[in-house]
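Single-letter residue listing:
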Amino acid sequence: IEDYLKAEESEIMSVDEAEEFEITYLSEDLLNLTYSYQQLPYHGRHQFFFTSILYDLRTGEKLDFDDFIGIEKDTLTSIFRKNGYRIDWQNTPDEPFRIVPIDEYDANVEGNIGHLIDKEGICTEFYFAEKANELHLMFKFECAGPSLGDYGIELSYLKSFIKYSEFKNRFEL
């Protein structure tokens, strides 16, 4: 009986974990490190964690959102609602994800984008990704429900708000 109870206890407490690291050089002077971790308790639900850190390799400084883009919260939200998208993750090998335009009623957008600009809470992480030779500003909304919300927008839609010199050069601003 004691062996049975130990086996039963280990099944209840078993945990599946997965973690992923990505190191992306966005230019000779800009490094993007991302770390994601998920944990699935046996009798529970997923726990998701994501962190993104961007470094200026010339100075060694960690960069924040406002080092890249100078924009008001309402303006960013408006542009994002018109041109942004979310990633709808699928569980099929032939279609692992779909790109879905932002729904004007998507409640996650308003508050989570504001976290980047107001620097309130820890609900939103940002990073940059190169997709089809276009640079995208990507977001992980950690307060979007039981799983992380993945959202993005082509950086070209935010050209007039770019502050980072290498991005200005890329867009010939």
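Since we're looking at a predicted model, the values are computed, not measured.

Asks: Talk me through the overall build of the protein chain; I want residue IDs and the actual numbers.
Replies: Broken down by element type, the protein chain carries five helices and nine strands. Along the chain direction, N to C, the helices and strands of the protein chain fall in the order α-β-β-β-β-α-α-β-β-α-β-β-β-α. Every one of the 173 residues in the protein chain was classed for burial, and the buried ones make up 34%. Restricting the contact set of the protein chain to residue pairs at least 6 apart, pairs at least 24 apart contribute 47%.

Asks: Quick rundown of the nonpolar core? Include the residues and the values.
Replies: Nonpolar side chains in soluble globular proteins tend to end up buried together. Ranked by size, the top nonpolar core spans 28 residues in total, and within it Phe68, Phe128, Leu137, Leu155, Leu158 and Phe167 carry the most contacts. In terms of residues, this core owes the most to one element, strand E8 (residues 134–141), which gives four residues. If we skip the residues at most four places from it in the chain, Phe128 touches Leu26, Asn32, Leu54, Phe68, Leu135, His136, Leu137, Leu155 and Phe167. Grouped together as the second largest cluster of nonpolar side chains are six residues, Tyr85, Tyr127, Ala129 and Met138 included.

Asks: So what about the pairing of strand E7 (residues 124–131)? Which residues, and what values?
Replies: Most of E7 is tucked away: six of the eight residues are buried. Relative to E8, E7 runs antiparallel, the two sharing eight bridges. Note that in E8 the partner of Glu125 across the bridge is Lys140. With antiparallel pairing between neighbouring strands as the criterion, E7 and E8 make up a hairpin whose turn holds two residues, including Ala132 at a positive phi of roughly 50 degrees.

Asks: Hey, could you go over the pattern of salt bridges for me, with residue numbers and the actual values?
Replies: Applying the stated rule across the entire model yields four salt bridges. Close ionic contact of Arg58 with Asp29 constitutes a salt bridge, the shortest N to O distance being 3.9 Å. Of this pair, Arg58 sits in the loop between strand E3 (47–56) and strand E4 (62–63) while Asp29 sits in the loop between strand E1 (15–27) and strand E2 (30–41), and the two are 29 residues apart along the sequence. Taking the relative accessible area as the measure of exposure, Asp29 reaches 21% and is therefore partly exposed.

Asks: Requested: an account of a nonpolar patch on the surface, with residues and values cited.
Replies: Among the surface-exposed residues, Ile23, Tyr25 and Leu57 lie close enough to one another that they form a single nonpolar patch of about 350 Å² accessible area. Exposure remark for Tyr25: the relative accessible area of 59% places this residue in the exposed category.

Asks: Describe the packing of aromatic side chains, with residues and values.
Replies: Tallying each qualifying case throughout the model produces 12 aromatic pairs. Grouped by ring-pair contacts, the aromatic residues Phe65, Phe68, Phe126, Phe128, Tyr164 and Phe167 constitute a single cluster.

Asks: Help me get a handle on the confidence of the model for the protein chain, residues and values and all.
Replies: Taken as a whole, the protein chain shows an average pLDDT of 79; of its residues, 72% reach a score of 70 or greater. The spread of mean pLDDT over the elements of the protein chain runs between helix H1 (residues 2–13), the lowest at 49, and E4, the highest at 94.

Asks: So what about the pairing of strand E9 (residues 149–154)? Which residues, and what values?
Replies: Extensive coverage of E9 is indicated by the burial of five of its six residues. Judged from the six bridges that link them, E8 and E9 form a sheet pairing that is antiparallel. Counterpart to Leu137 in the pairing with E9 is Ile153.

Asks: Which residues make up the environment of Leu57, and what are the values?
Replies: Within the secondary structure, Leu57 sits in the loop between E3 and E4. Look at Leu57 and you get partly exposed, because its relative accessible area is 39%. Between the C-alpha atoms of Leu57 and Leu30, which are 27 residues apart in sequence, the distance is 5.7 Å. Those residues within four positions of Leu57 in sequence are excluded, and the remaining contacts are Tyr25, Glu28, Asp29, Leu30 and Leu31.

Analysis parameters
- Residues numbered from 1 in each chain as written.
- Predicted model: local features only at pLDDT ≥ 70, side-chain atom pairs only at ≥ 80, totals over all residues.
- Heavy atoms only, no water.
- Helix = DSSP H or I, 4+ residues; strand = E, 2+ residues; numbered from the N terminus.
- Buried < 20%, exposed > 50% of the residue type's maximum accessible area, 1.4 Å probe, protein only.
- Contact = heavy atoms within 4.5 Å.
- Core = buried A, V, L, I, M, F, W, Y, C linked by side-chain atoms within 4.5 Å.
- Pairing = 2+ DSSP bridges.
- Salt bridge = Lys/Arg side-chain N within 4 Å of Asp/Glu carboxyl O.
- Patch = residues over 30% accessible without salt bridge, like charges linked within 9 Å, V, L, I, M, F, W, Y side chains within 5 Å.
- Areas by Shrake-Rupley, 256 points an atom, 1.4 Å probe, with all protein chains shown as cover.
- Phe/Tyr/Trp six-rings, centres within 6.5 Å; stacked < 30°, edge-to-face > 60°.
- pLDDT = per-residue confidence, 0-100.

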